[in-house]
Amino acid sequence: MKIIIVGGVAGGMSAATRLRRLDESAEIIVFERGHYVSFANCGLPYFVGGVIRRRDELLLQTPESLEARFALDVRIDTEVVHIDRTAQTVSVRNLLTDEESVEHYDRLVLAAGASARSGATESTIPTHTLRTVDDVDHINAVLTSVAAASAVVIGGGFIGLEAVENLVQRGVQVTLVQRGPQIFTPLDPEMAAPVLDRLRERGVDVRLNTTVTGSVASGTVALSDGTTVPADLVIDASGVRPDVTLAQQAGLRIGASGGVWVDGTQATSDPLIFAVGDGVEKTDAGNGSGTLVTMAGLANRHGRSVADSIAGTPEQAAPALGTGILGIFGLTIALVGWNEKRLVAAGRAHRIVHTHPANHAGYFPGAEGMSIKLLIDAETDAILGAQIVGGAGVDKRIDVLAVAMAAGLGASALTRLELAYAPQYASAKDPINQLGYVASNLAQGTSVNLQWHELEAARAAGAVIVDVRSAGEFAAGSIPGAINLSLDDLRERLVELPRVPLIVHCQVGQRGHTAARILTQHGFDVQNLDGGYRTWLAGTVTSPILERALA
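This text gives an overview of the structure that appears in the document.

The rules we used
- Residues numbered from 1 in each chain as written.
- Predicted model: local features only at pLDDT ≥ 70, side-chain atom pairs only at ≥ 80, totals over all residues.
- Heavy atoms only, no water.
- Salt bridge = Lys/Arg side-chain N within 4 Å of Asp/Glu carboxyl O.
- Helix = DSSP H or I, 4+ residues; strand = E, 2+ residues; numbered from the N terminus.
- Buried < 20%, exposed > 50% of the residue type's maximum accessible area, 1.4 Å probe, protein only.
- Contact = heavy atoms within 4.5 Å.
- Expected span 1.5 Å × (residues − 1).
- Pairing = 2+ DSSP bridges.
- Axes fitted to C-alpha atoms, helices over the stretch in contact; angles between N-to-C directions.
- Phe/Tyr/Trp six-rings, centres within 6.5 Å; stacked < 30°, edge-to-face > 60°.
- Lys NZ or Arg CZ within 6 Å of the ring centre and 35° of its normal.

**Considering the pattern of salt bridges**
For side chains of opposite charge, pairing can occur when their charged atoms come near one another. The tally for this structure, following the rule as stated, stands at 26 salt bridges. For lysine 2, the salt bridge is made with glutamate 103, and the minimal N-O distance between the two is 2.6 Å. Residue lysine 2 is found in strand β1 (residues 2-6), and its partner glutamate 103 is found in strand β8 (residues 100-104); the two are separated by 101 residues along the sequence. The two residues lysine 2 and glutamate 103 agree in class, both being buried. In this structure, lysine 373 and aspartate 188 form a salt bridge, with 2.9 Å as the shortest nitrogen-oxygen distance. Here the residue lysine 373 occupies a position in strand β26 (residues 370-377), and aspartate 188 occupies one in the loop between β13 (173-177) and α6 (189-201), the gap between them amounting to 185 residues. For the pair lysine 373 and aspartate 188, a shared accessibility class is recorded, and that class is buried.

This is the structure we're talking about:
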């Protein structure tokens, strides 16, 4: 069997090497239009920042090493320009010589990936994406040629934030330009607030609701807010779009998301042609619809899957959860599944839990905090999504939640997970278990919570806010109009509370829950402000964002 793979890196090379392990006799040819067929694209920003010091550490395999170990025929600087499905051939152009040739295939795998979506305009300033080894070579050339360099980064997503961190690490003055009102839009607004704070703490000039309009002079970029900023370099991290050029030309089905449609075995609408990677539509675990998820883990997994399909042992692909993680100046951002903005837009009934635990026992030195948001189906208790922002331990908790979602565990079932505990690693009630306790209380009606963005409407309807923190905490910052009654004094001061709907809160939600239980059992109509004062404070900073999402 002759198998041609169009594109290398994660999806294409996973398919090629797995195919060789399964079939020693197959003829496997990989065409890669770039000069590097297997490189650590996720490590590129860290090479710019000097965290990865040697360029060759980015180059995982070469055509020579792949030929020696896997007997693969890898042809770099070679682009597939046409597919003839009837003849089962591809037309190939050597980009160095411009020569063209035709190759027959028995099976064809498309791993073309995604192409950059530009947010820049014409400029005399060097402008690059951050997706290839050539990109980092160009970026490093600019930075090494300029003393006290400055840069503009367009886009506050995964690549944009990693670029910002590594440019700052290198001593570059950075302006981050974000088209919309929020940094890192996969997060909900109150969860993104700490990210914005951390960027500004580290001296990044963050411009929201702004675009680049061009350059007005050498070394100066003009912005849509009417200002100019210095820039020796522009990094365009505006996002990506599926590269479906070949698939469209061949008449293959394109999914509603814009990616190449595939079935559960990674086969396209032509059973002899398969597709993997960032250019391919995935099935959303949340509702079964087509979606785009540009994560290296999925590309590798689906590359392996397509090899199994071609070798005659197909297995249906699991739906995509969209699990992701990002580090920025010591802050870890992790997410899985749907966010609140998307649930609201879809009109899907849901419950929300905010918690603010430490990564391990508070009495053990070095505990670091995190903020967790869990989104739950209001009818089935299924976990719909989660977001975590904090220090150490965030990665562990998002992975546990991703596994719980894949296994179909309900939110309340998190109470029953037996997780590893020692004081330097976790708490006896792990943050995951704590999420389950809160979710279980809500599901059983033991407590009723209120979201930070619902507070003003409740107050307008006549509710009274009761802050059950200490007097010192209240004095340090409070919700306007709140009554301060410390939790420890609450039972003795019940007569001071009006018989109207009450909204209680503490700093993070736990004392508020205890207060709500006391008041409920004394006949009060009470709700607990979910996530407490900390979540409300983060949310009010970004409230215009949620107002747009809810509109």
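Now that the structure has been shown, the text picks up again.
**Quick look at the environment of valine 206**
Relative to the elements of secondary structure, valine 206 occurs in strand β14 (residues 205-207). Valine 206 gets classed as buried once you look at its relative accessible area, which sits at 6%. As a C-alpha pair, valine 206 and leucine 196 span 10 residues in sequence and 8.0 Å in three-dimensional space. If near-sequence neighbours (up to four positions away) are discounted, valine 206 is found in contact with Leu176, Ile183, Leu196, Leu199 and Arg200.

**Some thoughts on helix α8 (residues 296-310)**
Compared with the 21 Å implied by 1.5 Å per residue over 15 residues, the 21 Å span of α8 between its first and last C-alpha is a close match. Among the residues of α8, Leu298, Ala299, His302, Gly303, Ser305, Val306, Ala307, Asp308, Ser309 and Ile310 are the ones counted as buried. In this structure, the buried side of α8 is in contact with β1, α1 (9-22), β9 (107-110), β20 (273-275) and β21 (282-283). In the segment just after α8, glycine 312 is the residue with positive phi, at about 95°.

**Notes on the pairing of strand β24 (residues 331-337)**
Within a regular strand, side chains alternate between the sheet's two faces. Burial within β24 is extensive, with six of its seven residues counted as buried. Of the strand pairs in this sheet, strand β23 (residues 324-328) and β24 are connected by five bridges, and their pairing is antiparallel. Its bridge partner being in β24, isoleucine 325 is matched across the sheet by alanine 334. The antiparallel pairing of β23 with β24 creates a hairpin that spans two residues between the two strands, and phenylalanine 329 there sits at a positive phi of about 50°. Judged from the six bridges that link them, β24 and strand β27 (residues 383-390) form a sheet pairing that is antiparallel. Considered in β27, the bridge of valine 336 is made with alanine 386.

**Section: the pairing of β9**
Both β1 and β9 contribute to a ladder of four bridges, which runs parallel. Each residue of the ladder has a partner; that of valine 6, found in β9, is leucine 110. Examined bridge by bridge, β9 and β20 share three bridges and lie parallel to one another. Looking at the pairing, valine 109 lines up with phenylalanine 274 of β20.

**A closer look at unusual backbone geometry**
Its identity as a non-glycine residue notwithstanding, alanine 148 has a phi of 50°, on the positive side. One can find alanine 148 in the loop between α4 (133-144) and β12 (150-154). The exposure class assigned to alanine 148 is exposed, which follows from its relative accessible area of 78%. Unusually for a residue other than glycine, glutamine 266 sits at a positive phi of about 75°. With respect to the secondary-structure elements, glutamine 266 resides in the loop between α7 (245-249) and β20. What makes glutamine 266 buried here is its relative accessible area of 3%.

**Concerning the sheet that holds strand β17 (residues 228-230)**
Reading across from one edge, β15-β16-β17 is the order of the three strands in this open sheet, with antiparallel pairing throughout. Each edge of the sheet is formed by a strand with only one pairing partner; in this case those strands are β15 (212-217) and β17. Along the sheet, successive strands turn relative to each other by an average axial angle of 35°, direction set aside. Taken together, the four bridges between β15 and strand β16 (residues 220-223) define a ladder with antiparallel strand orientation. Counted as the bridge partner of alanine 217 is threonine 220 from β16.

**Focus on the sheet that holds strand β18 (residues 233-236)**
Judged by pairing direction, the sheet is parallel, and its five strands sit side by side in the order β11-β18-β12-β13-β14 without closing on themselves. Only two strands of the sheet have a single neighbouring strand rather than two, namely β11 (127-128) and β14. Bridging between β12 and β18 involves four bridges; their strand directions are parallel. Paired with alanine 151 across the two strands is leucine 233, which belongs to β18. Most of the contacts of α4 go to β18, to which it runs at about 155°, and overall it touches β11 and β18.

**As for the packing of aromatic side chains**
A full pass over the atoms with the stated rule returns two aromatic pairs. Each ring, one from phenylalanine 158 and one from phenylalanine 184, has its centre 4.9 Å from the other, and the planes form 75°; the classification is edge-to-face. Of the two residues, phenylalanine 158 is situated in helix α5 (residues 158-169) and phenylalanine 184 in the loop between β13 and α6; the sequence distance between them amounts to 26 residues. We note arginine 342 situated over the ring of tryptophan 338; from NZ or CZ to the ring centre the distance is 3.8 Å.

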